[in-house]
Amino acid sequence: NAAALPDDYVVWLSNADHVTLRNLTLTATGNTYARVVYLSGNVVNCKLTGNILNSGFFATNASVIYSDGDVTSNILISGNTLYTGGYGIYLGGNNTVFSTGTQILSNALNSQNYKGIYLGNQDAPFVSGNTVTGTGAPGFYGIQLENCDNALQVTGNKVVIQRIQNAIHRIY
């Protein structure tokens, strides 16, 4: 039950290489800060597969999977079920050196308050087969890509929210 940033995570992968989190159930219980998996620094060749991840709060500090300002490469997030949180998956990247090899595949994201999937500063991310079920809160986006370049692919995803105009949003 974290009290403040930056101690607001269940699992922290800092400068991690070749780490796999598989078939785990993890819950963040903080009232204001409730990140489940926090990636920081140069995280490479990491996989999150088949997990059930719960963030008990809806604030922006309560992202289920979170990284911002860091360069990551070859991150696979696949077959997970994510509950609540302000963001389901927030990978903000670095605006100087883009993250590469990001794959977000076949995840179920449920009841996030701001964005189901947010990717920023990514080179050729692949987002496919995900189901995002949002709260319908004003400003909610199912999938948002910001400053993602090259051969990016967003295919076969299902977004279910009350405000359909916010299903998929790309900012250049």
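Predicted model, so just to flag it, every value in this text is computed and none were measured.

Chemist: Would you explain the sheet that holds strand β16 (residues 131-133) in this entry?
Modeler: As a general point, the strands of a sheet are linked pairwise by backbone hydrogen bonds and lie either parallel or antiparallel. Ordered by their spatial adjacency, 6 strands build an open sheet running β3-β6-β9-β13-β16-β19, and the pairing between neighbours is parallel. If you trace the sheet from one side to the other, it starts and ends with β3 (25-28) and β19 (158-160), each paired once. Sheet twist, expressed as the mean angle between neighbouring strand axes with direction ignored, is 10°.

Chemist: Teacher, can you tell me more about the side chain of Lys115 here?
Modeler: In this fold, Lys115 is placed in strand β14 (residues 115-123). Nearest to the buried, unbridged Lys115 among oppositely charged side chains is Glu146, at 7.6 Å. Contacts of Lys115, omitting those with residues within four sequence positions, involve Gly86, Tyr87, Gly88, Gly139, Phe140, Tyr141 and Gln144.

Chemist: What is the right way to look at the nonpolar core in this model?
Modeler: In summary, soluble globular proteins display a tendency toward joint burial of nonpolar side chains. With 34 residues, the main nonpolar core has Val37, Leu53, Ile65, Ile89, Ile104, Ile117 and Leu119 as its most contacted residues. Secondary-structure elements contributing two or more residues to this core are β1 (11-14), β3, β4 (37-40), β5 (43-49), β8 (72-78), β10 (87-91), β14 and β17 (141-149). Look past the residues within four positions of Leu53 in its chain and what remains in contact with it is Leu26, Val36, Val37, Val64, Ile65, Thr81, Leu82 and Tyr83.

Chemist: Please explain the packing of aromatic side chains as it appears in this structure.
Modeler: Each aromatic ring pair is summarised here by two numbers: the centre-to-centre distance and the angle between the ring planes. The final tally for this structure, using the stated rule, is 8 aromatic pairs. With centroids separated by 6.2 Å and ring planes inclined at 15°, the aromatic side chains of Trp12 and Tyr38 adopt a geometry described as stacked. Of this pair, Trp12 sits in strand β1 while Tyr38 sits in strand β4, and the two are 26 residues apart along the sequence. Its relative accessible area of 15% is what places Tyr38 among the buried residues. Consider the rings of Tyr90 and Tyr118, whose centres lie 4.6 Å apart with planes at 20°: the pair is stacked.

Conventions we followed
- Counting starts from 1 at the beginning of each chain's written sequence and moves along it residue by residue.
- Note on the predicted model: pLDDT of at least 70 is required for a residue's local features to be given, and 80 or more for side-chain atom pairs to be given and counted; whole-chain, interface and lining totals, by contrast, use all residues.
- Neither water nor hydrogens contribute to the side-chain values; these are computed over all heavy atoms in the structure.
- In this scheme, strands are said to pair when DSSP sees at least two bridges between them.
- A helix here means a DSSP run of H or I that spans at least four residues, while a strand means a run of E at least two residues long, and both kinds are numbered starting from the N terminus.
- Helix axes are fitted only over the stretch in contact, all axes being lines through C-alpha atoms; the angle between N-to-C directions runs from 0 to 180 degrees.
- Burial classes follow relative accessibility: with a 1.4 Å probe on protein chains only, a residue under 20% of its type's maximum area counts as buried, one over 50% as exposed, and anything between as partly exposed.
- For the purpose of counting charges, residues Lys and Arg are taken to be positive, whereas Asp and Glu are taken to be negative. His and the chain ends are not included.
- A pairing counts as a salt bridge when a side-chain nitrogen of Lys or Arg comes within 4 Å of a carboxyl oxygen of Asp or Glu.
- The contact criterion used throughout is that any non-hydrogen atoms of two residues lie within 4.5 Å.
- Grouping buried Ala, Val, Leu, Ile, Met, Phe, Trp, Tyr and Cys residues that are joined through side-chain atoms within 4.5 Å yields what is termed a nonpolar core.
- Only centres within 6.5 Å qualify two rings of Phe, Tyr or Trp (six-membered ring in Trp) as a pair; their planes then separate them into stacked at under 30 degrees, edge-to-face at over 60, and tilted for everything else.

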